[in-house]
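Geometric and topological summary
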Amino acid sequence: MDQSKEQRILNSVSYNAVKGDPESVLDCIDNYCSQKEWAMNVGDEKGVILDKVVEEADPTIALEFGTYVGYSAIRIARLLKPNARLLTIEFNPEFASIAREIIEIAGLSEKITIIEGHSQDIIPQLREKYQVDKVDFVFLDHWKERYCPDTILLEECGYLKKGSILLADNIVYPGAPDFVKYIRSHKSFDCTNYPSHLEYMKVEDAMEKAVYMG
Ligand SMILES: O=C(NC/C=C/[C@H]1O[C@@H](n2cnc3c(NCCO)ncnc32)[C@H](O)[C@@H]1O)c1cc(-c2ccc(F)cc2)cc(O)c1O
Ligand SMILES: [Mg+2]
């Protein structure tokens, strides 16, 4: 059986990236996906917005929905302070295993925990199973129709505190209209839109930041 696109991305990283160097892993994935095969990584343009928001949040506990091959997990974790960590949730076992290998090549396995499962099932378990009290930063990049229910779930479970920052990818394309409507009309969220472009394409896209006001 021939390999998947995600396996080919891993092959390229394994062959071309400098072990232990997150930047070289990111560059390798961006080069592969802009020159060989498009893939749904947040990419280098929106990645700069992600970097800025992570630096603003300076999180101790960061959370991500939708690991895919680990590109944004590496992007986030490379900026974390020494005792900070990223929990990233992925339900596709093939993607989770590929992400684990790519994260290992980047040298960030100590800072990143990949949790295999559906976000809606894992979120309620974060306190007991993963010793999470509050989350400082959340990156939403999984199925777009799940952004809104999972944000509500995070709130209901009491993981958000004053100053918690959510950042959502793909606000324009593929779009997350119910999430945008919900978050912008919610009195406890202060929202900012960051226009950008779809990864590796000239198509319009945007990211939305939502700061929880408690
Ligand atoms: O669809 C997009 N992203 C989805 C991400 C899915 C990843 O996240 C995992 N995942 C999904 N739901 C859950 C879940 N919970 C919910 C389900 O239970 N719990 C855990 N993991 C979950 C999947 O297994 C994948 O690894 C997208 C598309 C385009 C795009 C643009 C233009 C085009 F032409 C085509 C595509 C651009 C983008 O940047 C995009 O992010
Ligand atoms: Mg995305």
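Now for a description of the structure that goes with this document. What you are looking at is a predicted structure, and each value in this text was computed from that prediction instead of being measured.

**Observations concerning the packing of aromatic side chains**
On inspection of all chains with the given rule, the structure shows 4 aromatic pairs. A centroid spacing of 5.6 Å and a plane angle of 90° characterise the contact between Tyr 147 and Phe 179, whose relative ring orientation is edge-to-face. In this pair, Tyr 147 sits in helix 8 (residues 147-156) while Phe 179 sits in helix 10 (residues 177-185), placing the two residues 32 residues apart along the sequence. Assigned by exposure class, Tyr 147 and Phe 179 land together as buried.

**Considerations on the pattern of salt bridges**
Applying the stated rule across the entire model yields 14 salt bridges. The shortest N-O distance in the salt bridge between Lys 161 and Asp 136 comes to 2.8 Å. Note that Lys 161 is positioned in strand 5 (residues 160-168) and Asp 136 in strand 4 (residues 135-140), a separation of 25 residues in sequence. Its salt-bridge partner being Asp 150, residue Arg 146 comes within 3.6 Å of it at the nearest N-O pair. Arg 146 gets classed as partly exposed once you look at its relative accessible area, which sits at 25%. Taken together, the shared-partner salt bridges in this structure form one network comprising Glu 23, Asp 51, Arg 75 and Arg 78.

**A look at the coordination of the magnesium ion (ligand 2)**
Of the protein atoms, only Asp 141 (OD), Asp 169 (OD) and Asn 170 (OD1) coordinate the magnesium ion (ligand 2), at distances of 2.0 to 2.2 Å. Here the donor residues of the magnesium ion (ligand 2) are spaced in sequence according to D-x27-D-N. By relative accessible area, Asp 169 is classed as buried at 0%. With a relative accessible area of 4%, Asn 170 lands in the buried category.

**Some thoughts on the site of ligand 1**
In the region of ligand 1, 24 residues are neighbours, and Glu 90, His 118, Lys 144, Asn 170 and Glu 199 sit closest. Here an oxygen atom of ligand 1 sits 2.6 Å away from a polar atom, N or O, in the side chain of His 118. Contact distances for ligand 1 include 2.5 Å between an oxygen atom and a side-chain N or O atom of Glu 199. For ligand 1, whose free accessible area comes to 830 Å², the fraction covered by protein is 85%. Secondary-structure elements contributing two or more residues to the shell around ligand 1 are strand 2 (85-90), helix 6 (119-122) and helix 9 (171-175). Here the residues of the shell around ligand 1 are counted per class, giving 10 nonpolar, 8 polar and 6 charged.

Definitions and cut-offs
- Residues numbered from 1 in each chain as written.
- Chains lettered and ligands numbered in written order.
- Predicted model: local features only at pLDDT ≥ 70, side-chain atom pairs only at ≥ 80, totals over all residues.
- Heavy atoms only, no water.
- Phe/Tyr/Trp six-rings, centres within 6.5 Å; stacked < 30°, edge-to-face > 60°.
- Helix = DSSP H or I, 4+ residues; strand = E, 2+ residues; numbered from the N terminus.
- Buried < 20%, exposed > 50% of the residue type's maximum accessible area, 1.4 Å probe, protein only.
- Salt bridge = Lys/Arg side-chain N within 4 Å of Asp/Glu carboxyl O.
- Donors = N, O, S within 2.8 Å, 3.2 Å for Na, K, Ca; no water.
- Near = heavy atom within 4 Å.
- Polar contact = N/O pair within 3.5 Å; in protein donor to acceptor, adjacent residues only side chain to side chain.
- Areas by Shrake-Rupley, 256 points an atom, 1.4 Å probe, with all protein chains shown as cover.
- Nonpolar A, V, L, I, M, F, W, Y, C, P; charged D, E, K, R; others polar.

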